[in-house]
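Per-entry structural report
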Amino acid sequence: MAKPLELIKVEDLTICESTAQMITKAREDGVELFFDRANAMKPCPIGEQAACCKHCSMGPCRMNVNSPYDRVGVCGATIDTIVARNFGRMVAAGTAAHTDHGMAMLELFRDVINGKVKDYSIKDPIKLLEIAASLDIVTEGRDLKAVALDLYHELEKTYTQVDGEIPMMKRVPVKTLEQWRAAGIVPRGAMREIMEMMHRTAMGVDQDYENITKQISRTALADGWGGSMVSTDISDILFGTPSPIEVEVDMGVLKEDQVNIIVHGHEPNLLESMVVSAADPTLVEAAKKAGAKGINLVGMCCSGLEALSRHGLPHAGNFSSTEAVLVTGSIDAMTVDIQCIKQGLKKVADFYETPFITTNYRAKIEGALHIPLEEHEPRECTDEIVIKAISRFKSRKKPIQIPKNKARGVHGFSFEYINYMLGGSFRGSYTPLNDNIINGRIRGVAGVVGCTNPRSKQDYSHVELVKELIKNDVLVLQTGCSQMALAKAGLTGTGAAALAGPGLAEVCETVGMPPILGLGSCVDNSRILVAAAEMVKVGGLGDCLADLPAAGCAPEWMSEKAIAIGHYFVASGLYVVFGHTFPMTKGTKFEKHLFEDLEKLGFGKWAFADDPREMARLMIAHIDKKRLQLGIDKTRERVLLDMADRRELDASA
Ligand code: XCC
């Protein structure tokens, strides 16, 4: 046990009531969670500011964060070189994670088309044809398989293309693309960009922070407009494009009298096959024979968000709750694939005698049972997981305590559905969104995304920030663990319009949409890019992404993937605020470059804030600045006057 647990107040760790209850239970049970480890081990003060260089054995060299220009590394590397290199490697790692995931989806797509994989099929042929057409692949008069094969070969370039622009550049607004071309940052295949990023940040290579930043941008763009975007599109084609669906979330979705199986990770194929296994009549019968009323399949983190968006599968919570959910004692199996899977889960699972099963060859955990998910026979893996869970249900020994908290909300928004929702099925269009931004009812658009982190109170900043944004008429798009924070807080239904400002509330009421739109997992941040590109295309809001009255935020981030996401938004032209911590040495030229200079060069820029209200203030100030530059600041004043007048009229009526 790291440190006396009593020292940490539960209410300082989370606003998620279920997680709070489970932290308390874990303390009683003597089980250590990552909250305790975070408390016991303070972050390294030099590493926290990215001021340590360990890229060769002449060091590691530790800079003085209080006076960063006091010294240089043994090779002479300056603080700016060191911090930029560290930042670049985070972007490379985050990009690698999303692109490797995307490439796995693309390979699955290839094997579905060529008939090697029979358990999955093409669920959305319309989207397949649309994406193919958008990439100039001839679709008319051709059979679906031929188009699909061409699409596969075209999209493969996203990863492998040695030279030239990747296919999705066709979706980038022209002026933004021209700007990237001028800056020399249009991405080639992700493998090339990641390789070059790693090379340039090795000892003795690129030692000019501005030049390093160019490769950081190019690598990040290979993620957002490349690996992640392909992952989203192919997942939609294979498993269905999400449309709004009402879903239950939080630990109250667990059922004491059923076999509870948690699926946690990122690639949708494991959960897709789990859905089939959990509904298999033979396995359901086996569960009943074991005394259960049924099999309760529940998602967590991004895997869970993929299945929640497509199937309405219940979701138990976000990153900070994955250990806590095991503490309920009710989990009969937890199965995982890749990313955000704490090694500590294994120990907690062992304590509660929950089978903990890894399924992906890239992500084994020492001591955990590994049942490989082979794509041509996925049921071999997922049926076995269900059987293991049934047998654990039969022999449950530990007391069970399931929190009662449960919230209902609407999820599963996609670029395509927003198009349809705003414009109708025959004239799907983003024009009504642009019109309402231009007329000022909607002040702007914000993406609030990303992780939770044991070093910040779970969910608190997500919820407070989003409340503040919608109150100020900012439409909020969400993904990842942030989406789940708002869902648990009961703010993903149309009822949330009651908390929205008058303009946004009016639009929500007219269109019948909530003010907070959940778009899915973290690779689905690409849906935000596509929506933003469409807003530029529709017109009236400037002619490049940097002109939009829009901003993004990851208030409780923790993963390198979040840094890659943040930077592809910045390189695309958006303003991005990160919360609680930032891998940056203060007072350096590199900090100024990311936080000020990039905007002057026509890109977006980074910002940092510790308090959710301050995050909201910064984002709204940026949105207002863009409205002013677009010359639409006055319309908003008129609308608000109208609303005030209307209220006065209402009051006097
Ligand atoms: Fe992981 Fe995707 Fe972060 Fe959540 S938001 S902690 S990256 S699960 Ni993606």
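Higher on the page you've got the structure.
Since the structure is predicted, the reported quantities are computational estimates derived from the model, not experimental observations. (Residues numbered from 1 in each chain as written. Predicted model: local features only at pLDDT ≥ 70, side-chain atom pairs only at ≥ 80, totals over all residues. Heavy atoms only, no water.)

Here we look at the overall build of the chain
Of regular secondary structure, the chain possesses 26 helices and 15 strands. Relative to the 2.2 N^0.38 estimate, which gives 26 Å for 653 residues, the radius of gyration of the chain is 24 Å and therefore close to what a compact globule would have. When its C-alpha atoms are laid out on the principal axes, the chain stretches across 70 × 70 × 60 Å. Out of the 653 residues belonging to the chain, those deemed buried represent 62%. Contacts in the chain between residues far apart in sequence, at least 24 positions, make up 75% of those at least 6 positions apart. If you sum the accessible surface of the chain, you get close to 24200 Å²; carbon and sulfur atoms cover 53% of it. (Helix = DSSP H or I, 4+ residues; strand = E, 2+ residues; numbered from the N terminus. Rg over C-alpha atoms; globule rule 2.2 N^0.38 Å. Buried < 20%, exposed > 50% of the residue type's maximum accessible area, 1.4 Å probe, protein only. Contact = heavy atoms within 4.5 Å. Areas by Shrake-Rupley, 256 points an atom, 1.4 Å probe, with all protein chains shown as cover.)

Observations regarding the coordination of the nickel atom of the ligand
A lone protein donor contacts the nickel atom of the ligand, and this donor is Cys522 (SG), found at 2.0 Å. By the element assignment, Cys522 lies in the loop between β12 (516-518) and α22 (525-538). (Donors = N, O, S within 2.8 Å, 3.2 Å for Na, K, Ca; no water.)

With respect to a nonpolar patch on the surface
A cluster of nonpolar residues, Met58, Val74 and Met203, forms a patch on the protein surface that exposes about 280 Å² of accessible area. By the secondary structure assignment, Val74 is in the loop between β2 (61-62) and α5 (79-113). Residue classification places Val74 among the exposed residues on the basis of a relative accessible area of 57%. (Patch = residues over 30% accessible without salt bridge, like charges linked within 9 Å, V, L, I, M, F, W, Y side chains within 5 Å. Salt bridge = Lys/Arg side-chain N within 4 Å of Asp/Glu carboxyl O.)

Brief notes about the side chain of Lys127
For Lys127, the position within the fold is in helix α6 (residues 125-134). Residue Lys127 is classed as buried on the basis of its relative accessible area, which comes to 3%. Looking at Lys127, its side chain comes within polar contact range of the side chain of Asp236, at 2.7 Å. Setting aside residues up to four positions removed in sequence, Lys127 forms contacts with Asp233, Asp236, Ile237, Thr241, Glu416 and Arg527. (Polar contact = N/O pair within 3.5 Å; in protein donor to acceptor, adjacent residues only side chain to side chain.)

Considering the side chain of His462
Structurally, His462 is set in helix α19 (residues 460-471). Leave out the neighbours within four places in its chain, and His462 touches Val448, Val449, Gly450, Cys451, Thr452, Ser482, Ala485, Leu486, Pro555 and Glu556.

Regarding the site of the ligand
In the vicinity of the ligand, the contacting residues are His266, Cys301, Cys302, Phe319, Cys340, Gly450, Cys451, Cys481, Cys522, Met558, Ser559 and Lys561. For the ligand, the cavity whose grid points lie within 2 Å of the majority of its atoms is the second largest cavity. (Near = heavy atom within 4 Å. 1 Å grid on protein atoms, 1.4 Å probe; cavity = no way out; pocket = protein on both sides within 12 Å on 5 of 7 lines; lining within 4 Å. Sits in = over half its atoms within 2 Å of the grid points.)

Section: the layout of surface pockets
Considered as a void within the structure, the largest pocket measures approximately 1100 Å³ in volume. Taken together, 31 residues form the lining of the largest pocket, with Gly47, Glu48, Met90, Trp557 and Met558 sitting closest to its centre. When contributions to the lining of the largest pocket are tallied by element, the ones reaching two or more residues are α3 (34-40), α4 (45-48) and α5. Of the residues forming the lining of the largest pocket, the biggest block, four residues, is contributed by α5. Of the residues contributing to the lining of the largest pocket, the split by class is 16 nonpolar, eight polar and seven charged. Reported here for the second largest pocket is a volume of approximately 740 Å³. Considering the residues around the second largest pocket, the lining is formed by 30 residues, among which Glu130, Arg171, Phe415, Glu416 and Val530 are closest to the centre. (Points joined across faces, edges and corners; volume = space filled by probe spheres on them. Nonpolar A, V, L, I, M, F, W, Y, C, P; charged D, E, K, R; others polar.)

Looking at empty space enclosed by the protein
The method is simple in principle: a probe with the dimensions of a water molecule rolls over the atoms, and the space it marks as empty is what remains. This structure, assessed with the given rule, holds three cavities of 30 Å³ or more. Taken as a whole, the largest cavity encloses approximately 260 Å³ of empty space. Listed by contribution, the elements that provide at least two residues to the lining of the largest cavity are β10 (444-448), β11 (474-478), α22, β13 (550-554), α23 (560-572) and β14 (575-579). Counting residues per element, the lining of the largest cavity draws most heavily on β13, which supplies five residues. The class makeup of the residues in the lining of the largest cavity is 23 nonpolar, three polar and no charged. As for the second largest cavity, its lining consists of 21 residues, of which Gly450, Cys451, Cys522, Ser559 and Lys561 are closest to the centre. Top element by residues in the lining of the second largest cavity is α23. It accounts for four residues. Here the residues of the lining of the second largest cavity sort into 13 nonpolar, seven polar and one charged.

Section: the packing of α5 against helix α7 (residues 144-160)
Packing of α5 against α7 brings their axes to within 10 Å, and their N-to-C directions diverge by 160°. On the basis of their axis angle, the class for α5 and α7 is roughly antiparallel. For the pair α5 and α7, the sense of crossing is left-handed. Between α5 and α7, the contacting residues are Thr99, Gly102, Met103, Leu106, Phe109, Arg110 and Ile113 on the first element and Lys145, Ala148, Leu149, Leu151, Tyr152, Leu155, Glu156, Tyr159 and Thr160 on the second. For the contact of α5 with α7, the per-class residue count stands at ten nonpolar, three polar and three charged. (Axes fitted to C-alpha atoms, helices over the stretch in contact; angles between N-to-C directions. Parallel < 35°, antiparallel > 145°, perpendicular 65-115°, else oblique. Left-handed = near helix turned anticlockwise from the far one by under 90°.)

Quick notes on the pairing of strand β6 (residues 331-336)
Within β6, six of the six residues are buried, which leaves the element mostly enclosed by the surrounding structure. Pairing of strand β4 (residues 259-264) with β6 involves five bridges; the strand directions are parallel. From the neighbouring strand, Ile262 faces β6, where its bridge partner is Met334. Across three bridges, the pairing between β6 and strand β7 (residues 356-358) is parallel. Looking across to β7, one finds that Val336 is bridged to Thr358. Of the crossover connections in this fold, the one passing from β6 over helix α15 (residues 344-351) to the parallel β7 is right-handed. (Pairing = 2+ DSSP bridges. Right-handed = clockwise from strand over helix to strand, strands pointing away.)

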